[in-house]
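# Analysis of the macromolecular model
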Amino acid sequence: MTISAHIVGWGKYLPKEVLTNEYFERLVDTSDDWIRSRTGILERRRAHPKEHTSSLAVKAAWSALEVAGLSPRQVDLILLSTITPDYIFPGTAYVVQDALGAFHAAAFDLNAGCTGFVYALAVAADMIKSGSYRNVLVIGAETMSRILDYSDRNTCVLFGDGAGAVVLQASEQPGGILASVLGADGSGGGLLQQPAGGTRHPATPETIEHRLHFVKMNGNEVYKFAINAMTKASKEAIQKAGLAIDDIDLVIPHQANVRIIHSAGKNLGLPPERLYVNVERYGNISTGSIPVALCEALEEGRIQANDHVLLVAFGAGLSWAAVALQWGDKTTVAERPWWKTAVRTLRNRQAAAMQSVAKRAGRKIDAWWPHRNGNGVEKNGE
Ligand code: COA
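This text gives an overview of the structure that appears in the document. All of these numbers come straight from a predicted model, not from anything done at the bench.

### Re the site of the ligand
Taken together, 24 residues form the shell around the ligand, and within it Thr30, Arg38, Cys114, Asn220 and Asn257 come nearest. At 2.9 Å, a backbone N or O of Gly219 approaches a nitrogen atom of the ligand. One of the side-chain N or O atoms of Arg259 is found 3.1 Å from an oxygen atom in the ligand. With the chains in place, 74% of the 960 Å² that the ligand exposes on its own is no longer accessible. At the level of secondary structure, the elements contributing two or more residues to the shell around the ligand comprise helix H2 (32–39), helix H6 (153–156), helix H8 (219–240), helix H9 (258–268) and strand S12 (308–315).

As structure tokens, then:
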């Protein structure tokens, strides 16, 4: 039997605060006109000081689990992509695992810059297809505002905060993730990086004084690399999936710059209507950009059952990746009375909180978990 890997749940979370281009006109020597014409960005989101990458990730993950109809304890693996982790260690995936109460899940972080979500999806698909895992939560979450230098006009106007998540599930149905292409060129690492804070340049008064804990980027070089990498990775993934460009119904590219997206689209011979773009609303959410865009494409009815979709990204590393997939049957969130959703969410969160308390008190954790079919609190083994 061939196992395929289908996306059966999706969710996003965008912080509430909106930063317009006018906001940056007051901070640095820039203009709304420059930002719009060079990037296509009109606004982006910024996390509340009490929010952080794991809290954005958890909110997106709850929504994805809700759509998939799964409880956290049915998740086998959490793969979280980020370059803005809560801590250097432990990984943010572990913080998320605990917050969700996904206590059967293995978890790890993946750092591949803005390419991370597509890398993570490809890895998750292969782990499912090998038979090792059944339900994998793949998350892309970023709090870029914490590593942006708000005095550097080259970078601060470009990025935003947010998170997206999908549930990838083993299935006997054909389709799902068809092919993936992952690539890297570490020689270009210096073009886009956060120089200090790791073991090479641990935090010192000097690293702080030279603002080395913030994003540094050579925009022009990254721009050229991005168009070539997206074009090449897209072609390879489409070919590997046994498809032609004309078979692709929608491309969801990394949302960094509308000019990069349209140039890559032109190279591929794709008309603009088959390219999904939402960079104007969120800026570059790094690894969060593709899962957020995927959610919005679904919400807007841009993906139908059996459509061929291409996800393609580039980013720090340098890295690039593309995934060609055939969407399954589920394209909308099932209509459910609001109160049923509220009850389920409340129950899941309550269960996660109780599990956490029980665990800390050394109790047998399964005993606290309400059965997902609504049978109340099960006392496993008692
Ligand atoms: N406002 C006004 N001027 C700005 C500016 C801003 N926010 N940011 C940079 N500039 C200036 C630069 O200082 C430079 O000035 P100079 O020529 O006097 O030195 C000039 O604009 C650069 O102009 P240009 O080379 O024409 O810009 P561009 O068309 O290449 O656009 C980027 C610049 C950064 C938008 C573009 O290169 C880009 O998007 N690169 C890729 C970035 C990216 O995707 N990063 C994330 C990877 S995941």
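Read on for the rest.
### A closer look at the sheet that holds strand S8 (residues 176–184)
Taken in spatial order, the four strands line up as S8-S13-S12-S11 in an open sheet, and their pairing is mixed. A single partner strand is all that each edge strand has here, and the edge strands are S8 and strand S11 (250–253). Across this sheet, the average inter-strand angle for adjacent strands is 15 degrees, counted without regard to direction. Examined bridge by bridge, S8 and strand S13 (residues 319–326) share eight bridges and lie antiparallel to one another. Across the sheet, Leu182 pairs through a bridge with Ala321, a residue of S13. Against the sheet, H8 contacts S8, S11, S12 and S13, and its axis sits at roughly 145 degrees relative to S12.

### What about the sheet that holds strand S5 (residues 106–110)?
Strand order across the open sheet formed by five strands is S1-S7-S6-S4-S5, with mixed pairing between neighbours. The sheet terminates laterally at strand S1 (4–13) and S5, the two strands that pair on one side only. Strand after strand, the sheet turns through a mean of 20 degrees between neighbouring axes, direction not considered. For strand S4 (residues 77–81) and strand S6 (residues 135–142), the ladder comprises five bridges, and the chain directions are parallel. The partner of Ile78 across the bridge, within S6, is Leu137.

What counts, and where the lines are drawn
- Residues numbered from 1 in each chain as written.
- Predicted model: local features only at pLDDT ≥ 70, side-chain atom pairs only at ≥ 80, totals over all residues.
- Heavy atoms only, no water.
- Near = heavy atom within 4 Å.
- Polar contact = N/O pair within 3.5 Å; in protein donor to acceptor, adjacent residues only side chain to side chain.
- Areas by Shrake-Rupley, 256 points an atom, 1.4 Å probe, with all protein chains shown as cover.
- Helix = DSSP H or I, 4+ residues; strand = E, 2+ residues; numbered from the N terminus.
- Pairing = 2+ DSSP bridges.
- Axes fitted to C-alpha atoms, helices over the stretch in contact; angles between N-to-C directions.
- Contact = heavy atoms within 4.5 Å.

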